[in-house]
Amino acid sequence: MQTPAPTDYVRATSVDDALAQLQKYGDEARIMAGGHSLIPMMRLRLARPEMLVDINDLDELKHIKIEGNEIVIGAMVRHREVLDSPILFEHYAAFRECEKVIADPVVRNRGTVGGSFCQADPAEDLSALGSALRGTVVIRNAQGSRTVPMREFHYGPYTTQVEDGEILTEIRIPIRPGAGSAYEKVERRIGDWAVASVGTFVVVKNGVVEDCGIGLAAVGAPHYSAPEAEAFLIGKEATEENLAQAAAIAADHCDPASDQRGPADYKKHLAKELTLRALRRSVQSSQGA
Ligand SMILES: Cc1cc2nc3c(=O)[nH]c(=O)nc-3n(C[C@H](O)[C@H](O)[C@H](O)COP(=O)(O)OP(=O)(O)OC[C@H]3O[C@@H](n4cnc5c(N)ncnc54)[C@H](O)[C@@H]3O)c2cc1C
């Protein structure tokens, strides 16, 4: 593999310091978090930043905590910490299921939540789950911060609302009492990126779906989400028939590409089947099964 082109490097001491460095170097600077996506891209010369702003020392971005009715996840939280988090597991078991199938322990020990969202790979598992849960992201720049719905954060593959001179600082996930959640993924081999994956949550009250969210990765679902399927299911009885219909609508909404991971029609089939399985388990968990 190639070595990256020469670059300068600075280790930020705070978010304010990182923002100052980003401002100083403009579009020549790139933030480095875990480096698991950025460094391979630099080796392939797909990215050639002149200045790397390393944010690994920023303890202010390493929390998982509850604020009001939201779970707040700092951008520098590692995959392994998401996997092990009792807070996330208590409210959304899907986080643990999702993290178990992201790469391998080496990548999970280093790769971060913020880096994953900002990389915006179409097969990115956490982005699918974040969209399913209708989270928000907090972006900071020198002027202040703004909060953006997860479903508006990604413009498309590898592009997000984070502009030059900005840092994603937090992901915020609403807590929904009684919600059940699940994550399903098909990969060619353990640790690989998804052929297709789906995260869901469902809140069932008296047999009726009160709320739900569906997020899909690697199958060309705009903003990793399936709003038509959610709209169909909300207010309906949580029957197998209705879940299957919602899964079919979600798959219809996808536009996967044929590639080395499989043909488009196979991926569409997976989108439907995995959505059904995830919805089914979310319903069971919401009903306390
Ligand atoms: C072998 C391998 C297998 C993998 N398999 C999977 C998988 O199955 N599923 C999956 O979802 N992912 C997978 N990944 C990706 C992994 O999840 C990485 O952790 C993730 O892509 C990037 O996180 P990072 O912290 O390493 O980011 P980096 O590589 O440091 O950064 C990625 C991009 O985000 C920007 N960035 C980082 N943090 C911020 C921030 N706070 N604010 C603004 N911009 C920021 C960087 O400038 C860069 O452009 C895999 C990676 C590898 C190497």
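Residues numbered from 1 in each chain as written. Predicted model: local features only at pLDDT ≥ 70, side-chain atom pairs only at ≥ 80, totals over all residues.

1. Focus: the environment of Glu170
Topologically, Glu170 is positioned in strand β10 (residues 167-174). Overall, the presence of 23 C-beta atoms within 10 Å leaves Glu170 in the buried class. Along the primary structure Glu170 and Gly215 are separated by 45 residues, whereas in three dimensions their C-alpha atoms are 19 Å apart. In contact with Glu170, other than residues within four places in its own chain, are Val72, Ile73, Gly74, Ala75, Val137 and Val138. (Helix = DSSP H or I, 4+ residues; strand = E, 2+ residues; numbered from the N terminus. Buried ≥ 20, exposed ≤ 12 C-beta atoms within 10 Å, placed from the backbone. Contact = placed C-beta atoms within 7 Å.)

2. Considering the environment of Ala75
Note on placement: Ala75 falls in the loop between β5 (70-74) and α3 (79-84). A C-alpha to C-alpha distance of 34 Å links Ala75 and His269, two positions 194 residues apart in sequence. Setting aside chain neighbours within four positions, we find Ala75 in contact with Leu61, Thr112, Val113, Gly114, Leu168, Thr169 and Glu170.

3. With respect to the domain arrangement of the chain
Under the domain assignment used here, the chain contains domain 1 (8-54), domain 2 (59-174) and domain 3 (179-286). Using C-alpha coordinates to define each centre, domain 2 is positioned 20 Å away from domain 3. Between domain 2 and domain 3, the contact holds 21 residues from the first and 22 residues from the second. Listed by contribution, the elements that provide at least two residues to the side of domain 2 that touches domain 3 are α5 (94-100) and α8 (125-132). Top element by residues in the side of domain 2 that touches domain 3 is α8. It accounts for six residues. Along the lines of polarity and charge, the residues of the side of domain 2 that touches domain 3 split into twelve nonpolar, three polar and six charged. (Domains from an automatic or database assignment. Nonpolar A, V, L, I, M, F, W, Y, C, P; charged D, E, K, R; others polar.)

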